[in-house]
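Remarks on the overall topology
One-letter residues, chain by chain:
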Amino acid sequence: MTDGPRQRGNSAPAPAGDSASDTGKNSGSSGVALKKEIGLVSACGIIVGNIIGSGIFVSPKGVLENASSVGLALIVWIVTGIITAIGALCYAELGVTIPKSGGDYAYVKDIFGGLAGFLRLWIAVLVIYPTNQAVIALTFSNYVLQPLFPTCFPPENGLRLLAAVCLLLLTWVNCSSVRWATRVQDVFTAGKLLALALIIIMGFVQICKGEYYWLEPAHAFEPFQDYDVGLIALAFLQGSFAYGGWNFLNYVTEELVDPYKNLPRAIFISIPLVTFVYVFANIAYVTAMSPQELLASNAVAVTFGEKLLGVMAWIMPISVAFSTFGGVNGSLFTSSRLFFAGAREGHLPRLLAMIHVKRCTPIPALLFTCLSTLLMLCTSDMYTLINYVGFINYLFYGVTVAGQIVLRIKQPDLHRPIKISLVWPVIYLLFWAFLLIFSLYSEPVVCGIGLAIMLTGVPVYFLGVYWDNKPQCFNTFVDKMTYVGQKFCVVVYPAENEGGDAGSEEEEKDGVKEEESGALKSAEC
């Protein structure tokens, strides 16, 4: 499946003899490629670590506030967990059918064409990942500095400086070694799960003591405000956002050990685990706090710890810091692979598709991710931007799952190591459409601005990607900048994968190995 004209990135091929071009030609023989170092445990760590951020510790009250009762809030957590599992099931089929890094970007591009894929990449590069990483890093710095300022808020500049240090440290770790990055993810994911296990155990202890007033059916569904269909829909939307990150493992498919087995296994283990943790953590909270106390708290886990843990209450703020530190690491790791995949397809500057000659890590993509996040730390409008593009992010989940159905119709005989019933994507799309329509109805201005931000990528696509005959001076400038970047980062183009991940099937059958300096060849269905 092609995009129309072959994508050549942001410049034409470099002149013969140009160092950047020569490096690209020789990369195949160098054997430099992304290493398959992510096993099943690390794969689960990536999913769980990216889903469970600070939200379950700090503010799980969004669902409760809109559900209007404890019982309905718990139902919302369970239903959204099931819907997330269905969406992940659809992504599992796509991930082993199109075994390329890049996740939904790669799937949308291969199924719907270059422009649709580029718009998914554009909104991710421009807003989604830089803002999310900046917010998580700021949450980390806030919980680290808060004990030093017990009677007031930490200074804003101090928060941003520590957040920047966190980002720089984790970028260095990710640049140094994939194994180091996955070990950091494993350790900090284990830390947050242990903290949540402590909360859940304390909840069971409370139940054994008879503290389950708000769990009894007569009281669980007793509304503290009138039920409202619009608010209940908003509760489902909040619940769906809380599970965000469930698709991140698909961004690193090419680095998975035995992806045909470990990708679906990791999804099947992680999503039920997260659903269990979310539901029982919320049950634990209401054994120690009334709904009114929970809604009034700015840090629910901290309040819970102060009530039940006594002198050990310091565990909760430390757990939030651990959780957010691991969240920053997981987001850096996966988002850099998305940018790497986009550059390899010619949708971002070709330098971002290169990896270090010895460490085999995508250093330019990681540095780009870090720099864009640091720039977001310097702005005061990041929270507003997140509100604008959250709708777009959710929009592409549905587009990707719809692509699964389209691919089944267009290529019914395509080899699918996992093939699920089409009932599942239909169920997911019905739920997705309900939430999408409600979002448009309740916040048309916010959704409209998000769509406008996304559509700014259309002229960028036609000028930067689709337009082949760019001025020679522009091509020369880009080639020189690419060469300088290669020398600075000590990176080359990765070797082509044996599985056909790079290069079209027809060219491989004909024995043709066309080399392009703009990007690695696009994978075609």
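Small disclaimer: the values here were computed from a predicted structure and weren't measured. (Residues numbered from 1 in each chain as written. Predicted model: local features only at pLDDT ≥ 70, side-chain atom pairs only at ≥ 80, totals over all residues. Heavy atoms only, no water.)

1. Some thoughts on the overall build of the chain
The condition is simple: Only runs of H or I of at least four residues qualify as helices and only runs of E of at least two qualify as strands under DSSP, and these elements are numbered from the N terminus. Accessibility here uses a 1.4 Å probe with only protein chains present; expressed as a share of the type maximum, an area under 20% marks a residue as buried, one over 50% as exposed, and anything in between as partly exposed. Areas reported here follow the Shrake-Rupley algorithm with a probe of radius 1.4 Å; residue values treat only the protein chains shown as occluding.
Scanning the chain from terminus to terminus reveals 22 helices and two strands. With 525 residues in all, the chain has 58% of them scored as buried. A total of about 21,200 Å² of accessible surface is found on the chain, and carbon and sulfur atoms cover 67% of it.

2. Brief notes about the nonpolar core
Grouped burial of nonpolar side chains is what soluble globular proteins tend to show. Note the following rule: The definition of a nonpolar core used throughout is a set of buried Ala, Val, Leu, Ile, Met, Phe, Trp, Tyr and Cys residues joined through side-chain atoms within 4.5 Å. Any pair of residues with heavy atoms lying within 4.5 Å of one another is described as a contacting pair.
Within the largest apolar cluster, 140 residues are counted, with the highest numbers of intra-cluster contacts made by Ile199 and Leu249. Every residue in contact with Leu249, bar those within four places of it in the chain, is listed here: Ala43, Ile46, Ile47, Leu256, Leu263 and Ala266. Counting eight residues, the second-largest nonpolar core is a separate cluster that includes Cys175, Met354, Ile363 and Cys489.

3. Describing the pattern of salt bridges
A side chain of one charge can pair with a side chain of the opposite charge when the charged atoms of the two come close. Condition: Salt bridge, as used here: a side-chain nitrogen of Lys or Arg that lies within 4 Å of a carboxyl oxygen of Asp or Glu.
Enumeration over the complete set of coordinates arrives at 14 salt bridges. A salt bridge links Lys109 to Asp110; its shortest N-O distance comes to 3.9 Å. Each member of the pair, Lys109 as well as Asp110, carries the same accessibility label: buried. Here Glu293 ties to Lys307 by a salt bridge, and the two come within 3.3 Å at their closest N and O atoms. With Glu293 in helix 13 (residues 291-296) and Lys307 in helix 14 (residues 300-308), this pair connects stretches of sequence that are 14 residues apart. You can call Lys307 partly exposed: its relative accessible area is 41%. One connected set of salt bridges, linked through shared partners, spans Lys100, Lys109, Asp110 and Glu345.

4. Let's talk about the packing of helix 9 (residues 178-208) against helix 12 (residues 259-288)
The condition is simple: Axis definition: a line fitted to C-alpha atoms, limited for helices to the stretch in contact. Angles are taken between N-to-C directions and run from 0 to 180 degrees. Each angle gets one of four labels, with under 35 degrees taken as roughly parallel, over 145 as roughly antiparallel, 65 to 115 as roughly perpendicular, and the rest as oblique. Crossing handedness is read from the near helix: turned anticlockwise from the far helix by less than a right angle, it gives a left-handed crossing, and turned clockwise, a right-handed one.
Close contact between helix 9 and helix 12 brings their axes to 8 Å; oriented N to C, the two are set at 45°. Classified by the angle their axes make, helix 9 and helix 12 are oblique. For the pair helix 9 and helix 12, the crossing hand works out as left-handed. Residues Leu193, Leu196, Ile199, Ile200, Gly203, Phe204, Gln206 and Ile207 of helix 9 lie in contact with helix 12, whose contacting residues are Leu273, Phe276, Val277, Phe280, Ala281, Ile283, Ala284, Tyr285, Thr287 and Ala288.

5. Some points on the packing of aromatic side chains
Here the distance between the centres and the angle between the planes together describe a pair of aromatic rings. This is how it is decided: Each Phe, Tyr or Trp ring, with Trp reduced to its six-membered ring, pairs with another whose centre is within 6.5 Å; inter-plane angles below 30 degrees give stacked pairs, above 60 give edge-to-face pairs, and intermediate values give tilted ones. We call a charge positioned over a ring when the NZ of a Lys or the CZ of an Arg lies within 6 Å of the ring centre and within 35 degrees of the ring normal.
Going through the model one piece at a time under the given rule, you end up with 27 aromatic pairs. Where Tyr461 meets Tyr466, the ring centres are 6.4 Å apart and the plane angle is 40°; that geometry is what we call tilted. According to the relative accessible area criterion, Tyr461 is buried, its value standing at 3%. Across the ring face of Phe333, the terminal group of Arg337 is positioned such that the distance to the ring centre comes to 4.1 Å.

6. So, helix 12
Stated formally: Helices are assigned an expected span. That span is 1.5 Å times one less than the residue count.
With 30 residues, helix 12 should cover 44 Å at 1.5 Å per step; its first-to-last C-alpha distance of 43 Å lies within 8% of that length. The buried fraction of helix 12 amounts to 21 of the 30 residues, a majority that puts the element mostly inside the structure.

7. With respect to a nonpolar patch on the surface
Just so we agree on the cut-off: Patch building starts from residues that exceed 30% relative accessible area and form no salt bridge, then joins like charges within 9 Å and nonpolar side chains (Val, Leu, Ile, Met, Phe, Trp, Tyr) within 5 Å.
Together, Val311, Met312, Trp314, Ile318 and Phe322 give the surface a local cluster of nonpolar side chains, amounting to about 520 Å² of exposed area. Within the element layout of this structure, Met312 appears in the loop between helix 14 and helix 15 (315-344).

8. Considerations on the packing of helix 7 (residues 114-145) against helix 16 (residues 363-377)
Cut-off, in case you're wondering: Each residue is assigned to one of three groups, with Ala, Val, Leu, Ile, Met, Phe, Trp, Tyr, Cys and Pro labelled nonpolar, Asp, Glu, Lys and Arg labelled charged, and all others, Gly among them, labelled polar.
For the pair helix 7 and helix 16, the least separation of the axes is 8 Å and the interaxial angle reads 70°. Taken as axis vectors, helix 7 and helix 16 run roughly perpendicular relative to one another. Viewed along their axes, helix 7 and helix 16 form a crossing whose handedness is right-handed. Contacts between helix 7 and helix 16 involve Val125, Leu126, Tyr129, Pro130, Thr131, Gln133, Ala134 and Leu138 on the former and, on the latter, Phe368, Thr369, Ser372, Thr373, Met376 and Leu377. For the contact of helix 7 with helix 16, the class distribution of residues is nine nonpolar, five polar and no charged.

9. So, helix 19 (residues 444-455)
We apply this condition: Note that the arc is defined by the directions from the helix axis to the C-beta atoms.
Over its 12 residues, helix 19 runs 16 Å from end to end, which matches the ideal 16 Å to within 8%, given 1.5 Å per residue. Buried within helix 19 are the following residues: Cys447, Gly450, Ile453 and Met454. Down the axis of helix 19, the sector holding all buried residues measures 120°, keeping them to one side.

10. Considering the environment of Leu352
Following the sequence through the fold, Leu352 ends up in the loop between helix 15 and strand 1 (355-356). Relative accessible area serves as the criterion here: at 7%, Leu352 is assigned to the buried category. In this structure the C-alpha to C-alpha distance between Leu352 and Phe339, which are 13 residues apart in sequence, comes to 6.9 Å. With sequence-adjacent residues up to four places away left out, Leu352 is seen in contact with Phe339, Phe340, Ala343, Pro364, Ala365 and Phe368.

11. Points about unusual backbone geometry
A positive phi angle, near 75°, is found at Ser68, a position not held by glycine. Take Ser68: it is sitting in the loop between helix 4 (61-67) and helix 5 (70-97). At Cys360, a position not held by glycine, the phi torsion is positive, near 60°. Tracing the backbone shows Cys360 in the loop between strand 1 and helix 16.

12. Points about the environment of Tyr285
If you trace the backbone, Tyr285 turns up in helix 12. Here Tyr285 falls in the buried class, since its relative accessible area comes to 0%. Put simply, Tyr285 and Ile199 are 86 residues apart on the chain and 7.9 Å apart in space, counted from C-alpha to C-alpha. Here Tyr285 is in contact with Ile56, Phe57, Pro60, Ile199, Leu294, Val300, Ala301 and Phe304, once residues within four sequence places are set aside.

13. Notes on the confidence of the model for the chain
Any residue range with low pLDDT should be treated as having predicted coordinates unsuitable for detailed reading. Note the following rule: pLDDT is a per-residue confidence score from the predictor, ranging from 0 to 100.
Across the chain, the average pLDDT comes to 82, with 87% of residues at or above 70. Here residues 1-30 is a poorly scored stretch, pLDDT under 50, and it has 82 contacts once near neighbours within four places are set aside; other chains count. Taken as a whole, residues 498-525 scores under 50 in pLDDT and shows 64 contacts with residues more than four places along the chain or in a different chain.

14. Remarks on the side chain of Arg350
In plain terms, the rule: The term polar contact refers here to a pair of N or O atoms within 3.5 Å; inside protein, the definition further demands a hydrogen-donor-capable atom paired with an acceptor-capable atom, and it admits residues adjacent in sequence only when both atoms are side-chain atoms.
Take Arg350: it is sitting in the loop between helix 15 and strand 1. A distance of 3.2 Å separates polar atoms of two side chains, one belonging to Arg350 and the other to Thr482.

15. Observations regarding the side chain of Ser42
Topologically, Ser42 is positioned in helix 2 (residues 40-51). For Ser42, the contacting residues outside a window of four places in its chain are Thr182, Arg183 and Asp186.

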